[in-house]
Amino acid sequence: CKVTFKISEETAISAKKAHIVGEFNNWALFTHPMKKLKSGAFTTTLDLEKGREYQFRYLLDNKNWENDASADGFKPTPFGDSKNSVIAL
């Protein structure tokens, strides 16, 4: 199933680069770079297996973690107060 992920220009906060990191890539930080649009937003499309749920986050400029405001849900991480975005296919 092709899934398009997008970080809005407001969330991107003038980031120079972004990556999507999640269960679908074993949380590898730099496996899936996102394309920066002229507006300042970022986007990427991934092939993911239907009938599954995936946790993920966006990594901006290799240091700032952001969630997807339009995610299907959120789950706590094992690292304290933060939560991961969830997409259900």
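For the structure itself, look to the data block above.
Model, not experiment: these values are computed from the prediction.

Definitions and limits used
- Residues numbered from 1 in each chain as written.
- Predicted model: local features only at pLDDT ≥ 70, side-chain atom pairs only at ≥ 80, totals over all residues.
- Heavy atoms only, no water.
- Buried < 20%, exposed > 50% of the residue type's maximum accessible area, 1.4 Å probe, protein only.
- Helix = DSSP H or I, 4+ residues; strand = E, 2+ residues; numbered from the N terminus.
- Polar contact = N/O pair within 3.5 Å; in protein donor to acceptor, adjacent residues only side chain to side chain.
- Contact = heavy atoms within 4.5 Å.
- Pairing = 2+ DSSP bridges.

With that settled, consider the pairing of strand β2 (residues 18–22). By the criterion of burial, β2 is predominantly enclosed, with 5 of the 5 residues buried. Burial along β2 is two-sided: A18, I20 and G22 facing one way and H19 and V21 facing the other are all buried.

On to unusual backbone geometry, then. Even without being glycine, W27 reaches a positive phi, approximately 60 degrees. Along the chain, W27 falls in the loop between β2 and β3 (35–36). For W27, a relative accessible area of 34% puts it in the partly exposed group.

Moving on: the side chain of Q55. Take Q55: it is sitting in strand β5 (residues 53–60). Q55 gets classed as buried once you look at its relative accessible area, which sits at 17%. In this structure the side chain of Q55 is engaged in a polar contact, spanning 2.8 Å, whose partner is the side chain of N84. Apart from the residues within four sequence positions on either side, Q55 is in contact with G22, E23, F24, W27, K75, N84, S85 and V86.

Right, let's talk about the pairing of β5 for a bit. Taken across its 8 residues, β5 has 7 buried, putting it largely inside the fold. Where β5 lies against strand β8 (residues 83–88), 4 bridges are found, and the strand directions are antiparallel. In the sheet register, Y54 faces β8, and the bridge partner there is I87. Here β5 folds back onto strand β6 (residues 64–66), and the loop between the two strands holds 3 residues, one of which, D61, carries a positive phi near 50 degrees.

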